[in-house]
Amino acid sequence: MSKVRTVAVNEYLKAIRSKAFILGIVLMPVLMGGGAIAVAIAENTKDLDEQVFAVIDNSGGLRDEIETQLEVRNANLNDEEGNQDRARWALDDDVATGDDRPLDEIYSERVEAGEILGFLTVGKNVLSLEAGSERGLTWSTDTPTADDLPDWLEYKIEEIVSGNLIAAAGLTQGQQAKVDLANAGVRMRTQGLVSVNKATGERKEAEEVDEISQILIPIVLVMLMFMLVMMSTPILLNNVLEEKMQKIAEVLVSSVSPFELMLGKLGSAVAMSMTLALLYLGGALVFVHNIDGVPQPILDALNPGILAWFLFFMLLLLLTSGAIFSAIGAACSEIQDSQTLMMPAMIMLVGPLMFLGPVIQAPDGTLAQVLSFIPPMTPMMMFLRMAIPPGVPWWELALALLGSTLFTLFAVWAGGKIFRIGILFQGQTPSFKTLFGWLFAK
Amino acid sequence: MDAVRLQGVTKRYKTQVAVDDLSLEVPRESIYGFIGPNGSGKTTSLRMILNIIHPDEGRIEVLGEEALRAANDRVGYLPEERGLYKKLKVHQILGYYGSLKGMSFADARRAGTEWLERLDLADAGNKKIEALSKGMAQKVQFIATVISRPELLILDEPFTGLDPVNHEVLRDAILELNRQGTTVIFSTHDMSMAEQMCDFVFMIFKGRKVLDGTLASIQEHYGTDTVRLRISGGPELVREHPSVEKVVDLGQVQEVRMAGDPQALLAHLVQHTTVQHFEIAKPSLHDIFVRIAGPDASNGAALTSAEEEAIR
């Protein structure tokens, strides 16, 4: 038993004296705190800018009701501490006058111009007292993923309609459940915008939003990008560390330069992920194009253009994270230390996933814009914004591409510098100050 | 033309000077021994020759090429601490290492097969490294070093851990390569091996060159002040003689450094004991090494140009 104690004490002392443990003491709360803050930001960061929408009320009686409900809601936008935590929604007062075009064309134009978020079209039978009737509710927008407002409208209209039904039927409270079931007819369809060809004057009707193609497929693609990068780049850390610990690295760098060695490893990671990406995406394309009845929106969502962007953004992410993981592997002399240094790099990959919800809700909002300009997050965030309507303006894409490409080049350069010295460095894992010094070493 | 030429090479790690103003010429087709205590700058010097690390000052020319890494495909390197991918098969490793030196995979595999047969490892080609004994793995590492028929072979402690049979096999292979024109630089702590194999011996101590020349010229420089003897009664009788500076007791034999006439010591010993062996000899490389780097060493002074010229 005393020998067990000796081993335990020795192992314990070795562990708590290690740099990994000491760093972990500081890093763990920082990372957990940072993670909690990120989650809190993700949950609480909402665009608080006023959102304006229009109503085309063919029933003639619902607009005022909605306005009343809006006034109630807008009077309660603050949280318990008095801080505004919900965006103000307002009905558009700029009713077109002197314009003979159909209202949906006018409002579609205004949505595209960014003046209003969308417009609600209300069928003339919306207030029908006949349970289950088609009430003709349509939400038209170019940002179908921003569904807080249409969901609220749907809910409020359902309240109004069911209230009318209950009153008309003279039902008791206990019988309301049956009425709620009967109100299944209050269903909001979400669709795109009406467009008019300016040259020919030809009108193109709005198409219904397909949630699978416009929301689910982009999310799946972002998750796929994350998984493919995770499958190939963290392995580089172990791979390099193994070569260093087993003294293979010294033989290799007598034949190739350390930078060439690192590039070779990055090349292998890129090839591995690209192979899997081509396999999965190619398989998906072959499948959807050879099965009858696949809706056109899904075919459109998996268009070659967006898949090419997927591969390009994944390439940037692979090179960046691969260079970082290779450098960590080269700098460390023990697996324990490498795990500690690995955590910040992992956060770079996992971080964007925490913000998927808010970005989908407001793909052109401030949070989404800021995140897609933070270089380590750009590949996943910008791709997501590109893949979901309404897309991103060209200048945002160009700026993000420039920033992200420069950051990737910097990561590969810095990773190469650390790799060059670290791969032959023996002994204690270097401090961050030492690593920084390696960047500028001769 | 020299295979390797260093001129005024200095390498510092922060404030520590690992190699200090080193100049060296390794003639082509020679066997050049690098000796020196641990931490004296041997490995740093070898790594600079290999362009793995770069000097802070000075010039390095390898096989006539000064540009970085230009000559690396013509250089084979066996590091002191061996490492092979444990999960790979022998043929795969040899193919990979040969490819890194510019060979086609097929050529590397063919050359690998020949070498495996030559080093009695013909059956090992399809075995994983983890399935080999330490000696077999060391031979595979050696083959990986020489598979591309390098013009310059740099071996860091090539015989460490080998049994006498494999030791001989490897030594013969190195000598054969040398006979075919390969220049060999090898670093070793085995002084007798350096004496037997090397055309030239170079010693580095505290980053500075302290020996450089043929074994004969080095021994000549250190004179004939050594007596190797075997007597009854042990070394105490030798130590008490006034002309004896130092006695190294090797067990069966004692190596004595004299400050006076060896004949006087012989006369003294004959009077007091039975002398079984008495030989006036040149100092061994081991003895020279210990004189320079041992605890009793007066200093680790580098060679002056005149001394260097005298030794060469």
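Residues numbered from 1 in each chain as written. Chains lettered and ligands numbered in written order. Predicted model: local features only at pLDDT ≥ 70, side-chain atom pairs only at ≥ 80, totals over all residues. Heavy atoms only, no water.

## Quick notes on the pattern of salt bridges
Residues and elements named next belong to chain A.
Thought 1: Applying the stated rule across the entire model yields 28 salt bridges over all chains.
Thought 2: The residue Asp92 makes a salt bridge to Arg110 at a minimum N-O spacing of 2.7 Å. In this pair, Asp92 is assigned in the loop between strand 2 (89-91) and helix 4 (103-112) and Arg110 in helix 4, connecting sequence segments 18 residues apart. Exposure class is identical for Asp92 and Arg110. Each is buried.
Thought 3: Several salt bridges converge on common partners, so that one network encompasses Asp104, Glu105, Arg203 and Glu205. (Salt bridge = Lys/Arg side-chain N within 4 Å of Asp/Glu carboxyl O. Helix = DSSP H or I, 4+ residues; strand = E, 2+ residues; numbered from the N terminus. Buried < 20%, exposed > 50% of the residue type's maximum accessible area, 1.4 Å probe, protein only.)

## Some words on the interface of chain A and chain B
Thought 1: Between chain A and chain B, the contact holds 16 residues from the first and 24 residues from the second.
Thought 2: Taken over both partners, the interface formed by chain A and chain B buries close to 1,800 Å², and the fraction arising from carbon and sulfur atoms is 53%.
Thought 3: Our count for the contact surface shared by chain A and chain B stands at 1 salt bridge.
Thought 4: Between Glu250 of chain A and Arg47 of chain B there is a salt bridge, with the nearest N and O atoms lying 3.1 Å from each other.
Thought 5: Counting across the chain A and chain B interface gives 4 residue pairs in polar contact (both at pLDDT 80 or more).
Thought 6: Tallied by class, residues from the side of chain A that touches chain B come to 7 nonpolar, 4 polar and 5 charged. (Contact = heavy atoms within 4.5 Å. Buried area = accessible area lost by both parts, 1.4 Å probe. Polar contact = N/O pair within 3.5 Å; in protein donor to acceptor, adjacent residues only side chain to side chain. Nonpolar A, V, L, I, M, F, W, Y, C, P; charged D, E, K, R; others polar.)

## A look at unusual backbone geometry
Residue and element names in this part refer to chain B.
Thought 1: Positive phi, close to 50 degrees, is recorded for Glu157, a residue that is not glycine.
Thought 2: Relative to the helices and strands, Glu157 resides in the loop between strand 6 (152-156) and helix 5 (164-179).
Thought 3: Take Glu157: its relative accessible area is 8%, and that puts it in the buried class.
Thought 4: One non-glycine residue, Lys206, adopts positive backbone phi at about 50 degrees.
Thought 5: With respect to the helices, strands and loops of the structure, Lys206 is situated in the loop between strand 8 (200-205) and strand 9 (208-213).

## Points about the confidence of the model for chain B
Low pLDDT marks regions whose predicted coordinates should not be analysed in detail.
Thought 1: Looking at chain B, pLDDT values average 85 and 92% of them are 70 or higher.
Thought 2: Put simply, helix 11 (residues 305-311) of chain B is where chain B has its lowest mean pLDDT, 53, and strand 7 (residues 183-187) of chain B is where it has its highest, 93. (pLDDT = per-residue confidence, 0-100.)

## A short note on a nonpolar patch on the surface
All names here are of chain A.
Thought 1: On the surface, a nonpolar cluster with roughly 470 Å² of combined accessible area is contributed by Met231, Ile235, Met272, Leu279 and Tyr280.
Thought 2: Put simply, the parts of the chain that give the nonpolar patch at least two residues each are helix 7 (211-245) and helix 9 (258-290).
Thought 3: With 3 residues, the single largest contributor to the nonpolar patch is helix 9.
Thought 4: Relative to the elements of secondary structure, Met272 occurs in helix 9. (Patch = residues over 30% accessible without salt bridge, like charges linked within 9 Å, V, L, I, M, F, W, Y side chains within 5 Å. Areas by Shrake-Rupley, 256 points an atom, 1.4 Å probe, with all protein chains shown as cover.)

## Some words on the side chain of Ser273 of chain A
Thought 1: Along the chain, the position of Ser273 of chain A falls in helix 9.
Thought 2: What Ser273 of chain A contacts, discounting residues up to four positions off in sequence, is Leu228, Val229, Ser232, Met314 and Leu318 of chain A.

## Digging into the sheet that holds strand 6 of chain B
Residues and elements named next belong to chain B.
Thought 1: In spatial order, the strands read 5-6-7-3-8-9; together these 6 strands make up an open sheet with mixed pairing. Where the open sheet ends on each side, the last strands, each with one partner, are strand 5 (75-78) and strand 9. Within this sheet the neighbouring strands show an average axis-to-axis angle of 15 degrees, counted without direction.
Thought 2: One ladder, built from 4 bridges, connects strand 3 (residues 31-35) with strand 8; its direction is parallel. Note on strand 8: the bridge partner recorded for Tyr32 is Phe200.
Thought 3: Of the strands in this sheet, strand 3, strand 8 and strand 9 touch helix 10 (residues 285-293), which is tilted by about 20 degrees from strand 8. (Pairing = 2+ DSSP bridges. Axes fitted to C-alpha atoms, helices over the stretch in contact; angles between N-to-C directions.)

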